[in-house]
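Architecture at a glance
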Amino acid sequence: MNISKNFKWSEFTHSDTAERLHINNEVTTWEVRDNIIALVDDILQPLRDAWGGPLFINSGYRCLELNKAVGGVPTSQHVLGQAADVGCSDPIALARLAKRMNLDYDQCIIYDSFVHFSYRRDGGNRNQILYSPKYRGPKMV
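Residues numbered from 1 in each chain as written. Predicted model: local features only at pLDDT ≥ 70, side-chain atom pairs only at ≥ 80, totals over all residues. Heavy atoms only, no water.

Regarding the overall build of the protein chain
- Within the protein chain, the regular secondary structure consists of 5 helices and 5 strands.
- Tracing the protein chain from N to C terminus, the helices and strands come up as α-α-α-β-α-β-α-β-β-β.
- Relative to the 2.2 N^0.38 estimate, which gives 14 Å for 141 residues, the radius of gyration of the protein chain is 14 Å and therefore close to what a compact globule would have.
- Seen through its C-alpha atoms, the protein chain measures out along the principal axes to roughly 40 × 30 × 30 Å.
- For the protein chain, the proportion of its 141 residues judged to be buried stands at 48%.
- Expressed as a percentage of contacts within the protein chain between residues at least 6 apart in sequence, the contacts between residues at least 24 apart total 61%.
- Accessible surface, the protein chain as shown: approximately 7700 Å² in total, 51% of it carbon and sulfur.
- Across the protein chain, the 16 positively charged side chains and the 16 negatively charged ones have centroids separated by 6 Å. (Helix = DSSP H or I, 4+ residues; strand = E, 2+ residues; numbered from the N terminus. Rg over C-alpha atoms; globule rule 2.2 N^0.38 Å. Buried < 20%, exposed > 50% of the residue type's maximum accessible area, 1.4 Å probe, protein only. Contact = heavy atoms within 4.5 Å. Areas by Shrake-Rupley, 256 points an atom, 1.4 Å probe, with all protein chains shown as cover. Lys, Arg positive; Asp, Glu negative; His and termini not counted. Charge placed at Lys NZ, Arg CZ, Asp CG, Glu CD.)

Considerations on the packing of aromatic side chains
- Taken as a whole, this structure holds 4 aromatic pairs when the rule is applied.
- Seen in terms of ring centroids, phenylalanine 7 and phenylalanine 12 are 6.5 Å apart; in terms of plane orientation they differ by 65°. Their pairing is edge-to-face.
- Here the basic side chain of lysine 139 rests over the ring of tyrosine 131, its NZ or CZ set 4.1 Å away from the ring centre. (Phe/Tyr/Trp six-rings, centres within 6.5 Å; stacked < 30°, edge-to-face > 60°. Lys NZ or Arg CZ within 6 Å of the ring centre and 35° of its normal.)

Considerations on the pairing of strand β2 (residues 83-87)
- Counting buried positions over the 5 residues of β2 gives 5, a clear majority of the element.
- Residue alternation in β2 divides its side chains into two sets, Ala83, Asp85 and Gly87 and Ala84 and Val86, and both sets are buried.
- One ladder, built from 3 bridges, connects strand β1 (residues 56-59) with β2; its direction is antiparallel. Pairing of serine 59 across the sheet is with aspartate 85, part of β2.
- Summarising the sheet, β2 and strand β4 (residues 114-118) pair through 5 bridges and their orientation is antiparallel. (Pairing = 2+ DSSP bridges.)

Details of the nonpolar core
- Counting 36 residues, the largest nonpolar core has Phe12, Ile36, Ile43, Leu44, Val86, Leu94 and Phe117 as the members making the most contacts within it.
- If you list the elements that add at least two residues to this core, you get α1 (9-13), α3 (30-51), β2, α5 (91-100), β3 (107-110) and β4.
- When residues of this core are assigned to their parent elements, the largest contribution, 8 residues, is made by α3.
- When neighbours within four sequence positions are excluded, isoleucine 36 is seen to be in contact with Ile3, Trp9, Phe12, Val27, Tyr61 and Gly81. (Core = buried A, V, L, I, M, F, W, Y, C linked by side-chain atoms within 4.5 Å.)

As structure tokens, then:
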């Protein structure tokens, strides 16, 4: 089932860790569902359209049990359906594109192989650009 023309629900709930540990990572509330839809509609699909190539959801929604299993912080926006780690061929270029597009993201955290985008549909987005402590590539200008 699709969320948008390029993103499917299964991308947001799939987890190899959840499968290995037999964790049910299905979305169970309307609020989480609506948060994922807003993240896709307002950030990820516009970014995908402008990017012009594939973007991969490495980690989308995480139930509390899965978030703990992968070492996520208890306040992770993944648990709320407000965040996705987006894999692509050039993470810094993707982050720069999001900035140029003036997308109203909450956080854009740059890693070596993906970008974490979060979005709050209540409008309280901070537009923060952060870097993983392990990131050693070029920085935003």
